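# Descriptive structure summary
Read off the chains here:
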Amino acid sequence: MCGFCGVSFFSNEKLNKAKILGEKLNLKLAHRGPDDEGNCISQLGSNNLFFHRRLSILEISKKGSQPMLSNDNNLILCFNGEIYNHLELRKKLEEIYKISWKGNSDTETLIESFCYFGIEKTINLVEGMYAFALFDKKNEKLYLGRDLFGEKPLYYNNTNNSIIFSSEVHNVDENLFSINQKAIYQFLHYNYIPNSNCIYNNWNKVNPGQVIVFDKNLNLMEFFNLKKNVLNEIKLNQKKFNHETEKEFDKTFTKVVKDILVADVDVGVFLSGGVDSSLVALYAKKIKKDLKTFSIGIKNNKDYDESVQSEKISKFLQTEHETFFIENEEIIENLENSVLSFDEPFADSSKILTYILSNKVKNKIKVALTGDGADELFGGYNRHIYAYYLEKISLLFGKNFINSKIFKQSLKTLFPVSKLFFKNIFAYPENKIDKLKSILDYKNEKDLIDKLISNKNQYDNLELDYIDDEKINKINYKTNNTIFKTIVECDTYNYLTDDILVKTDRASMKNSLETRAPFLNKNVFKFSQMLKDDQKIQNFKGKIFLRKILNRFFSPDLIASKKRGFSYPISEFFLNEQNQKWI
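Residues numbered from 1 in each chain as written. Predicted model: local features only at pLDDT ≥ 70, side-chain atom pairs only at ≥ 80, totals over all residues. Heavy atoms only, no water.

The next point concerns the pairing of strand β3 (residues 47–54). Burial within β3 is extensive, with eight of its eight residues counted as buried. Judged by which residues are buried, β3 turns out to be covered on both faces: N47, L49, F51 and R53 on one side and N48, F50, H52 and R54 on the other are all buried. Pairing of strand β1 (residues 2–10) with β3 involves eight bridges; the strand directions are antiparallel. Bridge pairing links F10 to N47 in β3. As defined by bridge partners, strand β2 (residues 36–42) adjoins β3 across seven bridges and the pair is classed as antiparallel. (Buried < 20%, exposed > 50% of the residue type's maximum accessible area, 1.4 Å probe, protein only. Helix = DSSP H or I, 4+ residues; strand = E, 2+ residues; numbered from the N terminus. Pairing = 2+ DSSP bridges.)

As a further point, take the sheet that holds strand β8 (residues 155–157). Reading across the sheet, the six strands line up as β2-β3-β1-β9-β8-β10 and stay open at both edges, with antiparallel pairing between neighbours. Whereas interior strands pair on both sides, the edge strands pair on one side only; in this sheet they are β2 and β10 (203–205). Adjacent strand axes in the sheet meet at a mean angle of 15°, parallel and antiparallel pairs treated alike. Here four bridges tie β1 to strand β9 (residues 163–166), and the two strands are oriented antiparallel to one another. Note on β9: the bridge partner recorded for G6 is F165. Taken strand by strand, helix α1 (residues 15–28) contacts β1, β2, β3 and β9, and its axis lies near 15° from that of β3. (Axes fitted to C-alpha atoms, helices over the stretch in contact; angles between N-to-C directions. Contact = heavy atoms within 4.5 Å.)

Turning our eyes to something else, we now look at the packing of aromatic side chains. One pass over the full model with this rule turns up 33 aromatic pairs. Relative to F545, the ring of F249 lies with its centre 5.7 Å away and its plane at 80°, an arrangement referred to as edge-to-face. Here F545 lies in helix α19 (residues 544–551) and F249 lies in helix α7 (residues 247–260), a separation of 296 residues in the sequence. F545 shares its class with F249; the two are buried. The interplanar angle of 15° and the centroid separation of 4.2 Å between the aromatic rings of Y389 and F540 together place this pair among those described as stacked. In this pair, Y389 sits in helix α13 (residues 382–397) while F540 sits in the loop between α18 (522–530) and α19, placing the two residues 151 residues apart along the sequence. A relative accessible area of 21% places Y389 in the partly exposed class. Through a chain of ring-to-ring contacts, three or more aromatic side chains come together here, namely F249, F253, Y283, F378, F519, F527 and F545. Positioned above the aromatic ring of W101, the side-chain terminus of R90 is 4.0 Å from the ring centre. (Phe/Tyr/Trp six-rings, centres within 6.5 Å; stacked < 30°, edge-to-face > 60°. Lys NZ or Arg CZ within 6 Å of the ring centre and 35° of its normal.)

Our next topic: the pattern of salt bridges. This structure, assessed with the given rule, holds 25 salt bridges. Here K255 and E88 are joined by a salt bridge, their closest N and O atoms 2.9 Å apart. One end of the pair, K255, is in helix α7; the other, E88, is in helix α2 (residues 86–96), and 167 residues separate them in sequence. By relative accessible area, which is 41% here, K255 ends up partly exposed. Among the salt bridges present, the one from D498 reaches K205, with a minimum N-O distance of 3.5 Å. (Salt bridge = Lys/Arg side-chain N within 4 Å of Asp/Glu carboxyl O.)

Moving on, we get to the nonpolar core. One finds F249, L279, F378 and F519 to be the most contacted residues of the largest nonpolar core, which totals 103 residues. The element best represented in this core is helix α17 (residues 483–509), accounting for 10 residues. With 23 residues, the next largest nonpolar core counts V7, L15, Y155 and I193 among its residues. (Core = buried A, V, L, I, M, F, W, Y, C linked by side-chain atoms within 4.5 Å.)

In this chain, Q66 is followed by P67 through a cis amide linkage whose omega measures 0°. With respect to the helices, strands and loops of the structure, P67 is situated in the loop between β3 and β4 (68–69). Located in the positive-phi region is N160, a residue other than glycine, with phi close to 65°. With respect to the element layout, N160 can be found in the loop between β8 and β9. Residues other than glycine seldom take positive phi values, yet N539 does so here, at roughly 50°. Of the residues examined, N539 reaches a relative accessible area of 65% and is grouped as exposed.

Of all six residues in strand β7 (residues 141–146), five are buried, a share of seventy percent or more. Judged from the six bridges that link them, strand β6 (residues 128–136) and β7 form a sheet pairing that is antiparallel. Paired with L134 across the two strands is Y143, which belongs to β7. Taking the residues that link successive antiparallel strands as the turn, the β6-β7 hairpin has four residues, and the phi of E140 there is positive, at about 50°. In terms of strand pairing, β7 meets strand β11 (residues 210–215) through five bridges, oriented antiparallel. Bridge pairing links L142 to F214 in β11.

Moving on to the sheet that holds β4. The strand order across the open sheet formed by six strands is β4-β5-β6-β7-β11-β12, and the pairing between neighbours is antiparallel. Where the open sheet ends on each side, the last strands, each with one partner, are β4 and β12 (220–225).

Turning next to the layout of surface pockets. A volume near 1000 Å³ is recorded for the second largest pocket. Looking at the second largest pocket, it is lined by 36 residues, and the ones nearest its centre are K227, L231, K478, E489 and Y493. Secondary-structure elements contributing two or more residues to the lining of the second largest pocket are β12, α6 (226–237), α17 and α18. At 10 residues, α17 tops the list of elements feeding residues into the lining of the second largest pocket. Taken together, the residues that form the lining of the second largest pocket break down as 11 nonpolar, 14 polar and 11 charged. (1 Å grid on protein atoms, 1.4 Å probe; cavity = no way out; pocket = protein on both sides within 12 Å on 5 of 7 lines; lining within 4 Å. Points joined across faces, edges and corners; volume = space filled by probe spheres on them. Nonpolar A, V, L, I, M, F, W, Y, C, P; charged D, E, K, R; others polar.)

Take T107: it is sitting in helix α3 (residues 106–117). Overall, T107 belongs to the buried group, its relative accessible area being 4%.

Take a look at the structure:
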């Protein structure tokens, strides 16, 4: 896990300016790689500068330092992430080619695989999380790529007669970092900035699963798209899939967790006590007997405190568990640092707890496994449950019925008696009812979907000239899917990438801690996409398939029945008089 930046294809006259810009960006990335730093310049044909910050996880010696040069001296690589199957990849290379390895790092495996197998084959073979910048000196081409879900960030700017790229975007030059108004609209609407957009004009994110290439004339092309490949593979294998198999998941997930635990440093698990992290801890404990687990407890707030549940799970699994109890004062102490961890506007309140937990464990472990991705892949959010039953209603009464006044009015009349029903199914039932109330003025199915995947839309009622629905560049989605599949896909390709993974990456990396998400393995994703909808949602509960897996090992009282989320009561925090200064 690291950070990198660089400037490519600049003119000789701009060498000093490029160096100053690169050095400033590199300094801003210091928290991502406190163990080592390096830089290099290539002026063979075109001018290219590369800067790298390293957090050493595999091959902690200098043999894993970056930027790295391939054995044939043609490729320069800056890489952020981990390739979990890099030893398998090495074996494949060694079966065909004679390679003189300098060390045991996954970076070296990756660059030699790019050299011998090519970029497309390598990306199809690797399992892991990554962002990379690869320069081909012979052909004078710069490749930028990200993993399937965008676990690792990568931004680029191709104005000013050069290419600038960086793991994070920080305003180090006012001429290059002006505010993007459209991104502000998106942020207010979704609480995060989705798609390839960025808070700064002329800056873009490399899309998840994408490899783009620039030539020396600054022409941009999509070189390869892993997401398209994986989705095509799912379509081809759909008919062969055994929908009843739990053994297949067990086999797949065991291998994934085994690979993901490989490190030359201490590894632990973030354990909330929910389905996702409990499953990760369960499989990790099978492999690592001295497993360390960690959780956050919130004093004086039972609604948001998950410590009791996580301690039950840790006791059952016999892990070395530690709970960190926090209260208002500690939130205040960490609020500014947690906010400054993010290089773009970000309104997910769980970032505060993620930051604090990362800060607490950074001297105990260097790698933490998380349950990220399970909700999106296996139908874990409350809106997935809403969408599932809305789809059932539309199949029963016709698609137009859910847009009718009769249907909406029927739901509104149920609100007074729905609190008890919601209390038995959902955590924070009042919040869920408020959310539904804000949704029920939808105009059509498209508007309904947008309201389900967006913020509570309270800002829409403000009479401000910049709140214009038409100015919002809204999330695109397929229109030929069911409501349920549409919501799940929007969450998988937008909310997961641009909210959940951004939160985890920035909060952990600010504390020089690496996080890994077993559910985001390609094979786990493929498996999840072949499950039927009713294998994900049943009886107003989500993640049914994963619950069944847990039922084989845990007693029913150990499995959390309600989806809580890793959140903090931010409204209560700001209503507290001593916290008013933060508003």
